[in-house]
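Observations on chain architecture
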Amino acid sequence: MAELYVNLDHVATVRQARGTAYPDVTEAAKLAHASGFVRGITLHLRDDRRHVQDSDVERVCREVHLPFNFELGATPSIVAFCASLHPAQATLVPEKREERTTEGGLDLSRGLSRVRDVVSELQAAGTKVSLFIEPEHHTLDLVPKTGAREVELHTGRYALASTPEQRERELAALRGAARHAQELGLKVHVGHGLTLENVAPVAAIPGLHELNIGHSIVARALFVGLREALREMHEAIQAAARP
Ligand code: PXP
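1. Focus: the packing of helix α10 (residues 215-224) against helix α11 (residues 226-241)
To describe two helices that pack against each other, one gives the angle between their axes and the distance between the axes. Closest axis-to-axis distance for the α10/α11 pair is 7 Å, and the angle between their directions is 125°. Considering their axes alone, α10 and α11 lie oblique with respect to each other. Classified by chirality, the crossing of α11 by α10 is right-handed. Across the interface between the two elements, Ser216, Ile217, Arg220, Ala221 and Val224 of α10 pack against Leu226, Glu228, Ala229, Leu230, Glu232 and Met233 of α11. For the contact of α10 with α11, the class distribution of residues is seven nonpolar, one polar and three charged.

Set out below in structure tokens:
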């Protein structure tokens, strides 16, 4: 059964908007843990520190007893910081300062040797490494050369599809990529742009391990509270995955 990893970056976004000490990301992660609806916590420490701060990552890693997924770009200082914390998992993403959010998967045709080095540095620290990639066979075929044993398929194009035909095409790409990744012996995660309304067909893809979902859960929590927002998403995932 696919498990929910909640990305709490946007709890930090609200805090950073005013430079206050609240809302506290670690407190949110503890609430998420206490809810029983999540398998892990994800935070993206961006190079520009626009939302999550180093201290958030340190505290969540130390104080929250759930698997922690450290999302990061290949910046050497952040890779070294990640390795020093020995998180359960790291997800490597491409990162541009000017983007509003992560806009696409890693380009392994160009950055392969740097990705291989990062994977090996993090694995040496005991961390499982997942690569955020587009749901494309030619990119998946390069993953074994990096040493990574997990991938996160980018669901952004599916989430942004504006017609039923386009949505079906993107879903077919995700299904095909998940199957191909499994044939390559990779564990498959998915994420980006998933909401209560669009999550079901993705959660129904066979053999998924994790769904990484953030923005829509934090937004929904404003209206119903974090526990209820997590319960709703957990239920939507479970319902979709039931045979
Ligand atoms: N997975 C990755 C690799 C991401 O970069 C993000 C956004 O930080 C997510 C999942 C979560 O996306 P969203 O906030 O749209 O649910």
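What follows continues from the structure just given.
2. Details of the state of the cysteines
In total, this model carries zero disulfides according to the counting rule given. Here Cys61 stays unpaired: no disulfide links it, and the sulfur of Cys82, its closest cysteine neighbor, is 8.0 Å away.

3. Observations concerning the site of the ligand
As a structural note, the neighbourhood of the ligand is formed by 14 residues, with Glu71, Glu152, Gly193, Gly214 and His215 the closest of them. Contacts to the ligand include Glu152, whose side-chain N or O atom sits 2.5 Å from a nitrogen atom. The separation between an oxygen atom of the ligand and a polar main-chain atom of Gly193 is 2.8 Å. Notes on the ligand: free accessible area 400 Å², of which the protein chains cover 94%. A majority-of-atoms criterion places the ligand in the largest pocket. Counted by class, the shell around the ligand contains three nonpolar, eight polar and three charged residues.

4. Looking at helix α3 (residues 54-63)
All of the buried residues in α3 are Asp56, Val57 and Val60. With its buried residues spanning 95° around the axis, α3 presents them on a single face. For α3, the secondary structure elements touched by its buried residues are α1 (9-18), α2 (25-35), β2 (40-44), β3 (68-72) and α4 (76-85).

5. Here we look at the packing of aromatic side chains
Under the defined criterion, the tally for this structure stands at two aromatic pairs. Pairing Phe70 with Phe81 gives two aromatic rings, centres 6.1 Å apart and planes at 80°, and the pair type is edge-to-face. Linking Phe70 in strand β3 with Phe81 in helix α4, this pair joins segments that are eleven residues apart in sequence. Taken together, the aromatic side chains of Phe68, Phe70 and Phe81 make up a single cluster linked through ring pairs.

6. Remarks on the packing of α2 against α3
Contact geometry for α2 and α3: axes closest at 9 Å, N-to-C directions at 30°. By the criterion of interaxial angle, the relationship of α2 to α3 is roughly parallel. In the crossing of α2 with α3, the sense of the turn from one axis to the other is right-handed. Here Val25, Thr26, Ala29 and Lys30 of α2 come into contact with α3, specifically with Asp56, Arg59, Val60 and Glu63. The class makeup of the residues in the contact of α2 with α3 is three nonpolar, one polar and four charged.

Rules used in this analysis
- Residues numbered from 1 in each chain as written.
- Predicted model: local features only at pLDDT ≥ 70, side-chain atom pairs only at ≥ 80, totals over all residues.
- Heavy atoms only, no water.
- Axes fitted to C-alpha atoms, helices over the stretch in contact; angles between N-to-C directions.
- Helix = DSSP H or I, 4+ residues; strand = E, 2+ residues; numbered from the N terminus.
- Parallel < 35°, antiparallel > 145°, perpendicular 65-115°, else oblique.
- Left-handed = near helix turned anticlockwise from the far one by under 90°.
- Contact = heavy atoms within 4.5 Å.
- Nonpolar A, V, L, I, M, F, W, Y, C, P; charged D, E, K, R; others polar.
- Disulfide = S-S within 2.5 Å.
- Near = heavy atom within 4 Å.
- Polar contact = N/O pair within 3.5 Å; in protein donor to acceptor, adjacent residues only side chain to side chain.
- Areas by Shrake-Rupley, 256 points an atom, 1.4 Å probe, with all protein chains shown as cover.
- 1 Å grid on protein atoms, 1.4 Å probe; cavity = no way out; pocket = protein on both sides within 12 Å on 5 of 7 lines; lining within 4 Å.
- Sits in = over half its atoms within 2 Å of the grid points.
- Buried < 20%, exposed > 50% of the residue type's maximum accessible area, 1.4 Å probe, protein only.
- Arc of directions from axis to C-beta.
- Phe/Tyr/Trp six-rings, centres within 6.5 Å; stacked < 30°, edge-to-face > 60°.

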